[in-house]
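Descriptive analysis of the structure
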Amino acid sequence: MPRTLRWVLMLLPFALWGTAMAAMKPLLLGASPAMLASLRLLPAGLVLLLAARLLGRSWRVDPVDWPWLLLFAAVDGSLFQGLLARGLGETGAGLGSVLIDSQPLLVALLARTLFGEAINPVGWLGLLIGLLGILCLGLPGEVLRHWWLQGPPALQGQAWSHGEAWMLGAAAAMAVGTVLCRYATRRSDPVAVTGWHMLLGGVPLVLVAGGEALLRPETVSFWPHWSQLEWGLMAYAALLGSALAYGLFFWFASSGDLTGFTALTFLTPVFAVLCGVLLLDERLGQLQWLGAALALLSVLLINQRGRLWQVGGRTEPVPP
């Protein structure tokens, strides 16, 4: 695969996620979080399995991979998407998006522990700069200034809510799911495994949505009440923001430098902000420009950490 095309495909999932979150948020007015999450997973899983078939890949999952696949589906499918949809409707002041995009830190720790991936001081510096970048992109300037002087009490409950707790749980679930993908694809095709994990992960969410509708029929409806435009947003989130984005993400995550690849998550809010500039005629403030620059710098440092950090005159090896 040409290097330029490879980089475009690697960046595409994060660009799609940056817009899919915005498309999903208004849909929560007419559907429960569990139903929204299931409608994002189930069609995407079917599309990925169909794509695997059309590409000549095998749908079959090796028996050795099935236990890992079931765990992968439970953690990254049901748990992650459920927590994400739940937190999306309760997130305040941009802190939720900061928390969900902080998962490269967790992935780096897991990859270091389980796969022995080299991080080194340059890599850790890049991770911290990336976290600072998404803070600048996700939090208002006033909150950051007061937070710098007073610490977390400066938030005074305005930028932190139950939604951010759900988002933090979602970030942890996705980080663990990203690592589980490596184990679930040892003998099976990554595209097929991603499709199966979406289908299997969506089923418990449908059951949760049905249970909520039975227990609280006066406040929760099972089937969404959406307009044609809103169904179009749902289709975008399912087909492009899930099927294409997660298919590419787990295809790349199943091999190579896991820390360097997941560091591209820091660019998700950058794409979201740029989308607002191009489509909604929004303007970036100085703090947002700084955040975007820091996010780009962090990705550069993390992906070039082996070349920038030398031990004993030799470049520290990093997986290709």
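Residues numbered from 1 in each chain as written. Predicted model: local features only at pLDDT ≥ 70, side-chain atom pairs only at ≥ 80, totals over all residues. Heavy atoms only, no water.

1. Focus: the pattern of salt bridges
Definition in use: Put simply, a salt bridge is a Lys or Arg side-chain nitrogen that is within 4 Å of an Asp or Glu carboxyl oxygen. A helix here means a DSSP run of H or I that spans at least four residues, while a strand means a run of E at least two residues long, and both kinds are numbered starting from the N terminus. Exposure is judged per residue with a 1.4 Å probe applied to protein chains only, and the accessible area is read against the type maximum: over 50% gives exposed, under 20% gives buried, and values in between give partly exposed.
Applying the stated criterion across every chain, the model contains one salt bridge. The partner of R57 in a salt bridge is D189, and the shortest N-O contact between them spans 2.4 Å. A residue pair is termed long-range when its members are at least 10 positions apart, and R57 in the loop between α2 (33–54) and α3 (66–88) and D189 in the loop between α8 (162–184) and α9 (190–215) qualify at 132 residues. What makes R57 partly exposed here is its relative accessible area of 28%.

2. A word on the packing of aromatic side chains
The following threshold applies: A pair of Phe, Tyr and Trp rings is counted when the ring centres sit within 6.5 Å of each other, with Trp represented by its six-membered ring. The angle between the planes then sorts it: under 30 degrees is stacked, over 60 is edge-to-face, the rest tilted.
If you walk through the whole model with that rule in mind, you get 14 aromatic pairs. Considering the side-chain rings of W17 and F249, the 5.1 Å spacing of their centres and the 55 degrees angle between planes classify their relative orientation as tilted. Separated by 232 residues along the polypeptide, W17 in helix α1 (residues 3–24) and F249 in helix α10 (residues 228–253) bring together distant segments of the chain. For W17, a relative accessible area of 8% corresponds to the buried category. Take F249: its relative accessible area is 0%, and that puts it in the buried class.

3. Some points on α1
For an α-helix the count is 3.6 residues per turn, leaving residues at separations of three or four pointing the same way. So the rule is basically this: Multiplying one less than the number of residues by 1.5 Å gives the expected span of a helix. Consider a residue and the seven residues that end there alongside the seven that start there; fitting an axis to each set, the bend is the angle between those axes.
An ideal rise of 1.5 Å per residue puts 32 Å on 22 residues; α1 measures up with 32 Å between its terminal C-alpha atoms. Within α1, the axis deviates most sharply at L12, by approximately 30 degrees, and proline P13 lies no more than four positions further along. Within the sequence span of α1, burial applies to M10, P13, F14, L16, W17, G18, T19, A20, A23 and M24.

4. Considering the nonpolar core
The condition that has to hold: Only buried residues count toward a nonpolar core, which is a set of Ala, Val, Leu, Ile, Met, Phe, Trp, Tyr and Cys residues joined through side-chain atoms within 4.5 Å. Contacts are residue-level and defined by heavy atoms, with any inter-residue pair within 4.5 Å sufficient.
L36, F72, F80, M234, F249 and F261 are the most contacted members of the largest nonpolar core, which has 74 residues in total. Ranked by the residues each element gives to this core, the list is headed by α8, at eleven residues. Those residues in contact with M234 that sit more than four places away from it in its chain are L27, L36, L39, R40 and W226.

5. Considering α9
Defined as follows: A 3.5 Å cut-off defines polar contacts: any pair of N or O atoms within that distance qualifies, except that in protein one atom must be a possible hydrogen donor and the other a possible acceptor, and neighbouring residues in sequence count only when both atoms are side-chain atoms.
With 26 residues, α9 should reach 38 Å at 1.5 Å per residue; the first-to-last C-alpha distance of 38 Å fits that figure. Capping the start of α9, D189 holds a side-chain oxygen 3.0 Å from the backbone nitrogen of V191, two or three residues further along.

6. Examining the side chain of R182
Positionally, R182 belongs in helix α8. Of note is the side chain of R182, whose polar atom sits 2.8 Å from the backbone oxygen of A253. In terms of polar contacts, R182 uses its side chain to reach the backbone carbonyl oxygen of S254, at 3.4 Å.

7. A closer look at the UniProt feature "transmembrane region" (unreviewed entry) in the protein
Keep this limit in mind: UniProt positions are given in the numbering used here, feature names are shortened, and annotations may be inferred rather than shown by experiment.
Annotation from UniProt places "transmembrane region" (unreviewed entry) at residues 38–56, 122–140, 165–184, 191–211, 231–253, 260–280 and 286–303. The span residues 231–253 is 100% helix and 0% strand, and its two end C-alpha atoms sit 30 Å from each other.

8. Re the packing of α2 against α10
Our working definition: Interaxial angle, 0 to 180 degrees, is taken between N-to-C directions of lines fitted to C-alpha atoms, where a helix line uses only the stretch in contact. When describing relative orientation, an angle under 35 degrees is termed roughly parallel and one over 145 degrees roughly antiparallel, while 65 to 115 degrees is termed roughly perpendicular and anything else oblique. Each crossing gets its handedness from the near helix: less than a right angle anticlockwise from the far helix is left-handed, clockwise is right-handed.
Running from N to C, α2 and α10 cross one another at 55 degrees; their axes reach a closest spacing of 8 Å. Viewed along their axes, α2 and α10 adopt a mutual orientation that is oblique. Crossing angle aside, the handedness with which α2 passes α10 is right-handed. Note on element contacts: α10 touches α2 through W231, M234, A237, A238, L239, G241, S242, A243, Y246 and G247, opposite L36, L39, R40, P43, A44, V47 and L48.

9. Some details on a nonpolar patch on the surface
We apply this condition: Patch membership requires over 30% relative accessible area and the absence of a salt bridge. Like charges are linked within 9 Å, and nonpolar side chains (Val, Leu, Ile, Met, Phe, Trp, Tyr) within 5 Å. The Shrake-Rupley method, run with a 1.4 Å probe, gives the accessible areas here. Residue values count only the displayed protein chains as cover.
Nonpolar side chains collect at one region of the surface, where V47, L239, L240 and L244 lie side by side and expose about 280 Å² of accessible area between them. Tallying contributions element by element places α10 first for the nonpolar patch, with three residues.

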